[in-house]
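Observations on the three-dimensional arrangement
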Amino acid sequence: MEERKSDDTPTTRREPSGDPGRHGDVVAPASSSTGRRGRSRLDREILALAVPALGALVAEPLFVLVDSAVVGHLGTAQLAGLSLASTLLVTLVGLCVFLAYATTAAVARRIGAGHVREALQSGIDGLWLALGLGVALAAALWTTAPWAVGAMGGAGAVAEHAVVYVRWSALGLPGMLLVLASTGVLRGMQDTRTPLWVAAGGASFNAVLNVVLVYGAGLGIAGSGIGTAVAQLTMGAVLVVVVVRGARRHGASLRPAAGGIWANARAGVPLFVRTLSLRLAILLTVFVATGLGEVTLAGYQVVTSVWGLAAFALDALAIAAQALVGHGLGADDVPRVRAVLRRTLQWGVAAGAAIGVVMAAGGWWFALLFTSDPDVRAAVAVGMAVCGVLMPMAGWVFVLDGVLIGAGDGRFLAWAGMLTLVVYAPAALAVRHWAPDGAAGLAWLWLAFAGVFMAARAVTTGLRARGTAWMVTGTA
């Protein structure tokens, strides 16, 4: 590996000055006017980033959906094995989302400062980190698949099918992590359309491969895993080519550099901790739902599926905030960063309110699509109503998360994530101890998660955003 000269990557960090023209090496930022014209322009920028990002986010779950549809016709044991295996893989990839978030912030900041070559150099280092981590995780998962499936409660034929799927699909992990890192680079460059087209193409390719390999080639569940791995590796390769072309055009080195890779890894650790805190909160919520009985657990599965879909829409706004805030701080345009903060929060709360109305009003109708059990229907309707009322706060939280990630404030988010988990745990355990099964239990559970947990996140991130400690300008 090469060790680049220290002047290849600027390390200047400036306190907010509010004067975008003070430094000669800063590219003139877009207008940060707060008038009607300025808001309209900012709205167009937000939507131009958020809408394609939403499409890419929605395309990703289609992999699991297609796999489920294809494997489901093989038999119950195969579908149950896929459920265990996909839960393990989705959790693992979810913990690696820092590869996208950290890269988005670093690239956007350097682009805003006018250092395009250094921005792409940081992106290339992120790709090498993703490739190395992907290969290591694939090897580890192939080796430990039986143990991992057993730890999740798999046994008999279900465990056998789960291990087969885990091992074959694990080969696609380097591609999936390269997708995350490449997407982070492109988001930092304010390009969310390319990841959308690649995600849509990958989902379609995956569907074709699954049908051909599972039924045409007669490979069964192994064919589904192979098809998913090939699709993910192809997506990763396409996005890497896009990033590499940009890097070559601007003179960035394509060789791995220990210093750059280590810098990316160090920046990703706090975001890994932050994501881990969220995953632990979700696991705790499932633990509580399981302890309350089958009606509550069944209702929880339906409500959390709809909640997850709503989260994609709010995540898209958070992604737009990441890119715009990182760019604004890199350009030393603090007024613009404040304008982005205000406007994306308005969008987040408004989107949360709109989604909340649909959830609260349509809870009973959603339940009809998933179950014929009247008790589960009642639980779903009540749970959806609780979520609907609290969804505007979720919109606030998601956007603030994106703003602080875009600012590179990962260390704060890590501490805040663990703090909110500590606040949430007693509330969740109290629900498990005292709440009844059924509609009342599900209502209390969602009050704890969508209320207590999200409120704790809203308070911690909201207080942080009110100050200026996170608004460090320049490159980092």
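These numbers come from a predicted model, not from an experiment.

Examining the overall build of the protein chain
In terms of regular secondary structure, the protein chain is built from 15 helices and 2 strands. What you see for the protein chain is a C-alpha radius of gyration of 23 Å, in line with the 23 Å of a compact globule of 476 residues. Once the C-alpha set of the protein chain is aligned to its principal axes, its extents read approximately 65 × 50 × 35 Å. By the burial criterion, 53% of the 476 residues in the protein chain qualify as buried.

Details of the environment of Leu 280
Turning to its location among the elements, Leu 280 is positioned in helix 10 (residues 258–292). Look at Leu 280 and you get partly exposed, because its relative accessible area is 35%. Once the C-alpha coordinates of Leu 280 and Met 418 are considered, the two residues, 138 residues apart in sequence, prove to be 9.6 Å apart.

Remarks on the packing of aromatic side chains
The full count for this structure, using the stated rule, is 9 aromatic pairs. Centre to centre, the rings of Tyr 300 and Trp 446 are 5.6 Å apart; their planes meet at 25°, and the pair counts as stacked. Taken as a pair, Tyr 300 in helix 11 (residues 294–330) and Trp 446 in helix 15 (residues 439–466) lie far apart in primary sequence, 146 residues in all. Looking at Trp 446, the relative accessible area reads 1%, which means it is buried. Look at Trp 307 and Trp 446: their rings are 5.4 Å apart centre to centre, the planes differ by 40°, and that puts the pair in the tilted class. One end of the pair, Trp 307, is in helix 11; the other, Trp 446, is in helix 15, with 139 residues separating them in the sequence. One exposure class covers both Trp 307 and Trp 446, and it is buried. Put simply, the rings of Tyr 300, Trp 307, Tyr 424, Trp 446, Phe 449 and Phe 453 pair up and form one aromatic cluster. Across from the ring centre of Phe 287, 3.9 Å away, lies the NZ or CZ of Arg 432, which sits over that ring.

Focus on a nonpolar patch on the surface
Judged by side-chain polarity, Trp 128, Leu 131 and Val 135 come together as a nonpolar surface patch covering roughly 240 Å² of accessible area. When its relative accessible area of 48% is taken as the criterion, Val 135 is described as partly exposed.

Quick look at the nonpolar core
Taken as a class, soluble globular proteins show a tendency for nonpolar side chains to be buried jointly. Within the largest apolar cluster, 89 residues are counted, with the highest numbers of intra-cluster contacts made by Leu 99, Val 325 and Trp 470. Per element, the largest residue contribution to this core is 11 residues, and it comes from helix 5 (residues 116–151). Judged by nonpolar contacts, the second largest core, of 44 residues, contains Leu 284, Leu 314, Met 384 and Ala 448.

Brief notes about empty space enclosed by the protein
Picture a little ball the size of a water molecule; that probe, rolled over the atoms, points out where space is still empty. Counting across every chain of the model gives 3 cavities of 30 Å³ or more. In terms of lining, the largest cavity is formed by Arg 274, Leu 278, Asp 401, Leu 413, Ala 416, Gly 417, Thr 420, Phe 453, Arg 457, Thr 460 and Thr 461. Looking at the lining of the largest cavity, the elements that each hand over two or more residues are helix 10, helix 14 (410–434) and helix 15.

A short note on unusual backbone geometry
The backbone phi angle of Gln 190 is positive, close to 65°, even though this residue is not glycine. Tracing the sequence through the fold places Gln 190 in the loop between helix 7 (173–188) and helix 8 (193–216). Accessibility expressed as a relative area gives 31% for Gln 190, which makes it partly exposed. We note that Asp 332 has phi near 60°; this positive angle belongs to a residue other than glycine. Tracing the backbone shows Asp 332 in the loop between helix 11 and helix 12 (334–370). You can call Asp 332 buried: its relative accessible area is 0%.

How each quantity is defined
Note that residues are indexed from 1 along each chain, following the sequence as it is written. In keeping with the predicted nature of the model, local features appear solely for residues at pLDDT of at least 70, side-chain atom pairs appear and are counted solely at 80 or more, and the whole-chain, interface and lining totals rest on all residues. To obtain the side-chain values, all non-hydrogen atoms of the structure were included, while hydrogens and water were left out. Helix numbering and strand numbering both begin at the N terminus, where a helix is a DSSP run of H or I of at least 4 residues and a strand a DSSP run of E of at least 2. It is over C-alpha atoms that the radius of gyration is taken, and the globule rule equals 2.2 Å times the number of residues to the power 0.38. Classification of residues uses two cut-offs on accessible area relative to the type maximum, computed with a 1.4 Å probe and protein chains only: under 20% is buried, over 50% is exposed, and between them is partly exposed. Pairing of aromatic rings covers Phe, Tyr and the six-membered ring of Trp, with a centre-to-centre limit of 6.5 Å; geometry is then stacked below 30 degrees between planes, edge-to-face above 60, and tilted otherwise. For a ring to carry a charge above it, either NZ of a lysine or CZ of an arginine must fall within 6 Å of the ring centroid while also lying within 35 degrees of the normal to the ring plane. Patches in this entry comprise residues that are over 30% relatively accessible and not in a salt bridge; like charges within 9 Å are linked, as are nonpolar side chains (Val, Leu, Ile, Met, Phe, Trp, Tyr) within 5 Å. Surface accessibility follows the Shrake-Rupley procedure with a 1.4 Å probe radius. Residue values consider only the protein chains on display as shielding. One speaks of a salt bridge when a side-chain nitrogen belonging to Lys or Arg is within 4 Å of a carboxyl oxygen belonging to Asp or Glu. Buried Ala, Val, Leu, Ile, Met, Phe, Trp, Tyr and Cys residues that are joined via side-chain atoms within 4.5 Å together make up what is termed a nonpolar core. We place a 1 Å grid over just the protein atoms. Points where a 1.4 Å probe fits but has no way out form a cavity, open points with protein on both sides within 12 Å along at least 5 of 7 lines form a pocket, and any residue with an atom within 4 Å of a point lines it. Grid points are joined across faces, edges and corners, and a volume is the space filled by probe spheres set on the points.

Note that every value here comes from positions in space, so none of it alone points to a role or purpose.
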